[in-house]
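Okay, here's what each chain looks like letter by letter:
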Amino acid sequence: MRPLLVPFFISHQGCPHRCVFCDQERVAGAAAGLPTPGHLLRRIEEYRLGAPARQLEVAFYGGTFTALPRRDQEGLLLPLQPLLAAGIVRSVRLSTRPDAVDPDTAVFLKEYGVATVELGVQSLDPEVLLLSGRGHGPCEVELSVAVLKRAGIEVGLQLMPGLPGDTPQRSLVSLRRALALKPAFLRIYPTLVIEGTELARRYREGSYHPLSLPQAVSLCKEMLLAAGEAGVPVIRFGLQPTSELDSPGVVLAGPYHPAFGQLVESELCFDRMSALLEGIPAGSRVTFGAPQGRVSDLVGQSRGNLRRLAANYGVNPSVSEDTALPHGRISLTWGELVRYASLFESHPRH
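What you see is a predicted model, and the numbers here were worked out from it, not measured in a lab.

Rules and cut-offs
- Residues numbered from 1 in each chain as written.
- Predicted model: local features only at pLDDT ≥ 70, side-chain atom pairs only at ≥ 80, totals over all residues.
- Heavy atoms only, no water.
- Pairing = 2+ DSSP bridges.
- Helix = DSSP H or I, 4+ residues; strand = E, 2+ residues; numbered from the N terminus.
- Axes fitted to C-alpha atoms, helices over the stretch in contact; angles between N-to-C directions.
- Contact = heavy atoms within 4.5 Å.
- Parallel < 35°, antiparallel > 145°, perpendicular 65-115°, else oblique.
- Left-handed = near helix turned anticlockwise from the far one by under 90°.
- Nonpolar A, V, L, I, M, F, W, Y, C, P; charged D, E, K, R; others polar.
- Buried < 20%, exposed > 50% of the residue type's maximum accessible area, 1.4 Å probe, protein only.
- Core = buried A, V, L, I, M, F, W, Y, C linked by side-chain atoms within 4.5 Å.
- 1 Å grid on protein atoms, 1.4 Å probe; cavity = no way out; pocket = protein on both sides within 12 Å on 5 of 7 lines; lining within 4 Å.
- Points joined across faces, edges and corners; volume = space filled by probe spheres on them.

Read across the sheet, seven strands follow the order β1-β2-β3-β4-β5-β6-β8 without closing on themselves; strand pairing throughout is parallel. Each of the sheet's edge strands pairs with one partner strand only, and the pair in question is β1 (4–9) and β8 (234–237). When strand polarity is set aside, the average angle formed by the axes of neighbouring strands in this sheet is 20°. By the bridge criterion, four bridges tie strand β5 (residues 154–159) to strand β6 (residues 185–188) in an arrangement that is parallel. Directly across from Q158, in β6, lies its bridge partner R187. The sheet strands contacting helix α2 (residues 37–50) are β1, β2 (56–61) and β3 (89–96), and the helix crosses β1 at an angle near 155°.

Moving on to the packing of helix α10 (residues 213–229) against helix α11 (residues 260–276). Running from N to C, α10 and α11 point in directions that differ by 65°, and their axes come no closer than 9 Å. By the angle between their axes, α10 is roughly perpendicular relative to α11. Of the two possible hands of crossing, α10 and α11 adopt the one that is right-handed. Across the interface between the two elements, L213, A216, V217, C220, K221, L224 and L225 of α10 pack against F260, L263, V264, E265, E267, L268, D271 and R272 of α11. Class assignment for the residues of the contact of α10 with α11 results in ten nonpolar, no polar and five charged.

The next point concerns the sheet that holds strand β13 (residues 337–342). Across the sheet, which stays open at both edges, the four strands sit in the order β11-β10-β12-β13 with mixed pairing between neighbours. Of all strands in the sheet, those bounded by a partner on one side alone are β11 (316–321) and β13. Each strand axis lies, on average, 25° off the axis of its neighbour in the sheet, ignoring direction. Bridging between strand β10 (residues 285–290) and β11 involves six bridges; their strand directions are parallel. Its bridge partner being in β11, T287 is matched across the sheet by S318. Packing against the sheet, α11 makes contact with β10, β11, β12 (329–334) and β13, and its axis sits at approximately 35° to β12.

Bringing helix α13 (residues 304–313) into the picture now. Among all positions of α13, only G304, N305, L306 and L309 are buried. Positive backbone phi, at 70°, marks G314, one or two positions downstream of α13.

Moving on, we get to the nonpolar core. Core analysis: the largest hydrophobic core is formed by 77 residues, its most contacted members being F60, L77 and F288. Apart from the residues lying within four places of it in its own chain, the contact partners of F288 are M273, L276, L277, L298, L309, P317, S318, V319, S320, S331 and L332. The next biggest cluster of nonpolar side chains, apart from the first, holds 19 residues, and it includes C19, Y208, V250 and V251.

This part covers the layout of surface pockets. Considered as a void within the structure, the second largest pocket measures approximately 390 Å³ in volume. As for the second largest pocket, its lining consists of 15 residues, and the residues nearest its centre are R2, P3, E57, R93 and I235. Its residues assigned to classes, the lining of the second largest pocket shows eight nonpolar, one polar and six charged.

Moving on, we come to the packing of α11 against α13. Running from N to C, α11 and α13 point in directions that differ by 30°, and their axes come no closer than 10 Å. Taken together, the axes of α11 and α13 lie roughly parallel to each other. Read as a crossing pair, α11 and α13 show a hand that is right-handed. In contact with S266, E267, C269, F270, M273 and S274 of α11, α13 contributes N305, L306, R308, L309, N312 and Y313. Its residues assigned to classes, the contact of α11 with α13 shows six nonpolar, four polar and two charged.

The analysis is restricted to geometry; functional conclusions fall outside its scope.
Below, the structure is given as structure tokens:
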């Protein structure tokens, strides 16, 4: 059973830069500041009592954990040590910047029970990084991944397609460079224009144009396909909805959608369902099989995939769950004909 995540947000703490897109307080829905040891322990205990059979994983998100003064890092990690020793907390994960990791830091994190570090990479294109005010280049990304892996720490990478100077082609090149580093997982957050940021100013003056929602879905579908072919899971698309993000006037522009990840998954499913229909005559009743928990991805939001298939191919489609199917495969049944497809392969199998 996967451990239950206990999240703490340290919005913008330790970060030496204010990138053009950044407003961590609004993105995370949490005010800046470091949790006290008492707050850490109380919240962990609440999670433990709520799920006594689950191990816990403590996560520090937002900000730049490893750019905090070392005493502050120790202040956050020391209270967890007895819980780690007792097995109540299985591990710790945190997020940081690629240029805030060195061999000494990696060893320190490993000694304090940090098992996973998520690097806010955003892009591996030098010009995009420069225009976004990141303060580092691609080399720092590659070096930090290597340093963390040598210390025995799992590494996840966060990417942000649609930054200033970015194009879909550049985003895909960045993705390929990221995949070559063999991360354990990816998070992909299409760039949003948040009120109060430098990007908002550029958007208003007309020098920055964000991705539209359809453009972002199409691009992220290609990124998901490439990551799937490389065997690297994308554990999240798009920002987690918060009351702050959903407030009027906070997101000025960009591809924000509270279920963005499902839009991406559904678009990939639509492509595979379309391929399975090759040679099926109009007017046919067909049933698509979905692995457990993925019926909604095949159906699409507001049954959009089924409507498009009916309109484009003239068939009468339905979807049913097939618990025998692996998570990454779907099927089509038409009379005695059964076809299968992997979400990460374009050609159906009979």
